[in-house]
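# Structure assessment
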Amino acid sequence: MNSLFSKTIKTNKNKVNHVLVLAIILLSALGYSQTDKRLKGIEKEFNSVLESTKAAGFAVAIVEDNKIVYAKGFGYADYENKVPVNANTLFAIGSSTKAFTSALLGLHREDEKLSFNDSPRKHIANLEFFNDEMNNNIIIKDLMRHSTGLPRHDGAWYFFPSHSKDSLVARIKNHEPFTGVRQQWYYNNFGFLLQGVITEKITGKTWEENIEDEFFKPLSMDRSKTTIEGMKSSTNASFGYELDADRNIKKMDYYDIAGMSPAGSINSSVNDMSKWLMTWINDGKYKEEQIIPEDYIKEAMSSQMVVAAGFPSEELPEAQFANYGYGWFLHSYKGHYMVEHGGNIDGFSASVALYPSDNLGIVVLANQNGSAVPRLIRNIAADYMLKVTKTEWAKKHKEDVEEAIEMQEKAKEDTEVSNVKNTKPSHALIEYTGFYENEGYGKFEITLENDSLITNLNKDRIYLNHFHYDTFELIDYNDGKVDSTEIGQSLKVSFTTNEAGDIDYLKTSIEPTTDPIQFKRTPNTIDVDAETLEKYVGLYDLVGTEVKTYIKDENVLYVFLPGQPEYELIPTAEHKFNLKVADGYKVEFKEEDGKIVELKFVQPNGIFTAKRKE
């Protein structure tokens, strides 16, 4: 009997231990439950934000000193299948990546591999900026604090992504500045691309490998990834969502930031990001290991550039300043020093915030596009932890949204007024087709499909809707249909005509601080077989001057006039060719009874006809 009793106790003890182990695992997987008395009632406010913003989900973690005070998920990582978010769910953190990238340079400076006063061209041999002033004066510190004089030029990577960092670096030469070096702060993602490339040149490893080796591994950020492919292949990864025109939750495709990864490609969870926060509020240490040099920590979280000047406003009386460090925005929040960086990429928003004087860190990751959720949840958490007067952030957000919708409707009305009715394009739509290229941005093609102009930008199918005259607007396709809600609200593009009457450029104000960005047109070419080309070969009489056409270089047609170089002809339509090396110059052949009888030179200064010789 005693033996049986002993066996029963042992069995129950094993069961208890098993349950305890499961509970610990579950706790680790789902996050830390609320235990701090300061947070009493906070989850009600968190849920009210989830409801008022109509977000699919979010996760939040709060750290203090060297411990996690709170970590939990709300809503859904997979909204369609109602898979809940937890503290280990992966989200894209977007530009919150930037502090990681600049911190790598902090390590290189510690190792005396660079100085922040170095020219970035010292480390990237093929790097060129727009002009000599920039080439001679920009230093690495300017890249870290957004003081190069360059505006964003985000269209150059967002619409034209590339996995080659070198090809993206080459585009910078054609990026026009809007002010002088160190004259004004302006956010620029390419500066962080260059920081990533510098660390690659110094270490011989990719930026992705450096992030993993220097930060993810020593901080045990085991779930964090540096690529979208890593996120796709992970378990417990969130999908991204947006609100459609009717404020319904709609799933978005993942965006592959590709070669621009140093500016914003990290995917992480709030549990993993908590370790990053602890490192920053503990002078660069994590579990007694110095991960980031202490002097860099202090410098990066101190003012390096003024973002905006001015006194506190009536709307934001507690915002005493707006500055930038290295990969961090610096503000005040209700009398407390705040170091923060948000992140936004298709379907995801983030906020990573530090309150260094309070040894406090808060991270919020949401799967909603361009979302207010991270800011609202961060501020609610800060109000509780800092013991300041609480603001009804969910209520304020609801009022702000209502006001924004009202303003949007008014803007729509204003746009309709600016549209000149009953106009039409100056050319037949086929004449707008072709390839358009800007060396600082990229290349795309416009085609004609069923009387509609169509293009593809970063794999997205776009319809060019006629707005007025030679101005069109870019409208997305949704579920195979043109999104009519975007009409009148979308990015406009205008076409220009050269002296010969051909469409030569597409211009768009995609970068508002500079002149419109111009994309040079190259007409579509057609394939012409050797037998057809032979019809054009011969001698032509141009007012007593003999013009010769002939074939060489594997079925390429050329024209030659005495005293001039030979001109290669590019076929664009039946009997029509463009001169390869001269814009606005064309050659057209006339056919009668199956024979070519004349050649016309179509030039900006006129049309010149040459009769074919027998």
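The following paragraphs examine the structure supplied in this document. (Residues numbered from 1 in each chain as written. Predicted model: local features only at pLDDT ≥ 70, side-chain atom pairs only at ≥ 80, totals over all residues. Heavy atoms only, no water.)

The next thing to look at is the nonpolar core. Phe100, Phe215, Trp276, Trp280, Trp328 and Phe495 are the most contacted members of the largest nonpolar core, which totals 103 residues. No other element matches helix α11 (residues 270-281), which puts 7 residues into this core. Apart from residues lying up to four places away in sequence, Trp276 is in contact with Ala99, Phe100, Ala103, Phe215, Leu219, Met221, Ile292 and Trp328. The next biggest cluster of nonpolar side chains, apart from the first, holds 33 residues, and it includes Val69, Tyr70, Ile362 and Ala372. (Core = buried A, V, L, I, M, F, W, Y, C linked by side-chain atoms within 4.5 Å. Buried < 20%, exposed > 50% of the residue type's maximum accessible area, 1.4 Å probe, protein only. Helix = DSSP H or I, 4+ residues; strand = E, 2+ residues; numbered from the N terminus. Contact = heavy atoms within 4.5 Å.)

Where helix α3 (residues 98-110) contacts α11, the two axes come as close as 13 Å, and the packing angle between them is 50 degrees. Taken together, the axes of α3 and α11 lie oblique to each other. Regarding α3 and α11, the two cross each other, and that crossing is left-handed. Residue-level inspection shows Ala99, Phe100 and Ala103 of α3 in contact with α11, the latter providing Met273, Trp276 and Trp280. For the contact of α3 with α11, a count of residues per class yields 6 nonpolar, no polar and no charged. (Axes fitted to C-alpha atoms, helices over the stretch in contact; angles between N-to-C directions. Parallel < 35°, antiparallel > 145°, perpendicular 65-115°, else oblique. Left-handed = near helix turned anticlockwise from the far one by under 90°. Nonpolar A, V, L, I, M, F, W, Y, C, P; charged D, E, K, R; others polar.)

One closed barrel holds the 8 strands; their spatial order is β25-β26-β27-β28-β29-β30-β31-β32, and the pairing between them is antiparallel. Adjacent strand axes in the sheet meet at a mean angle of 35 degrees, parallel and antiparallel pairs treated alike. With 5 bridges connecting them, strand β26 (residues 545-552) and strand β27 (residues 556-560) associate as antiparallel partners. From the neighbouring strand, Thr549 faces β27, where its bridge partner is Val559. (Pairing = 2+ DSSP bridges.)

In this section: empty space enclosed by the protein. Tallied over the entire structure, the rule returns 2 cavities of 30 Å³ or more. Computed from the structure, the largest cavity encloses a volume of approximately 140 Å³. Looking at the largest cavity, it is lined by 15 residues, and the ones nearest its centre are Phe444, Leu457, Leu474, Val493 and Thr508. Of all the secondary-structure elements, those providing two or more residues to the lining of the largest cavity are β17 (442-449), β18 (452-457) and β23 (503-508). Per-class residue counts for the lining of the largest cavity are 13 nonpolar, 2 polar and no charged. Volume-wise, the second largest cavity comes out at about 100 Å³. What lines the second largest cavity is a set of 14 residues, and nearest its centre among them are Ala92, Ile228, Tyr255, Asn267 and Ile345. (1 Å grid on protein atoms, 1.4 Å probe; cavity = no way out; pocket = protein on both sides within 12 Å on 5 of 7 lines; lining within 4 Å. Points joined across faces, edges and corners; volume = space filled by probe spheres on them.)

Relative to β17, strand β16 (residues 434-438) runs antiparallel, the two being bridged by 5 bridges. When the sheet's bridge partners are listed, Gly434 is paired in β17 with Ile446. Count of turn residues in the β16/β17 antiparallel hairpin: 3 residues. The sheet contact formed by β17 and β18 spans 4 bridges and is antiparallel. What sits directly across from Ile446, in β18, is Thr455. Linkage of β17 to β18, two consecutive antiparallel strands, is achieved through a turn of 2 residues, within which Asn450 is found at a positive phi near 50 degrees.

Looking now at the packing of aromatic side chains. Under the counting rule described, the total for this entry stands at 44 aromatic pairs. When the centroid spacing of 5.8 Å and the interplanar angle of 45 degrees are considered together, the rings of Trp185 and Tyr324 count as tilted. Taken as a pair, Trp185 in the loop between α7 (165-171) and α8 (190-203) and Tyr324 in strand β11 (residues 322-324) lie far apart in primary sequence, 139 residues in all. Comparing Trp185 with Tyr324, the two get one shared label, buried. Aromatic ring contacts, followed pair by pair, group Phe100, Phe116, Phe215, Phe216, Trp276, Trp280, Tyr296, Tyr326 and Trp328 into a single cluster. The residue whose ring lies beneath Lys390 is Tyr384, and the NZ or CZ to ring-centre distance is 4.5 Å. Over the ring of Tyr477 we find Arg461, and its NZ or CZ is 4.8 Å from the ring centre. (Phe/Tyr/Trp six-rings, centres within 6.5 Å; stacked < 30°, edge-to-face > 60°. Lys NZ or Arg CZ within 6 Å of the ring centre and 35° of its normal.)

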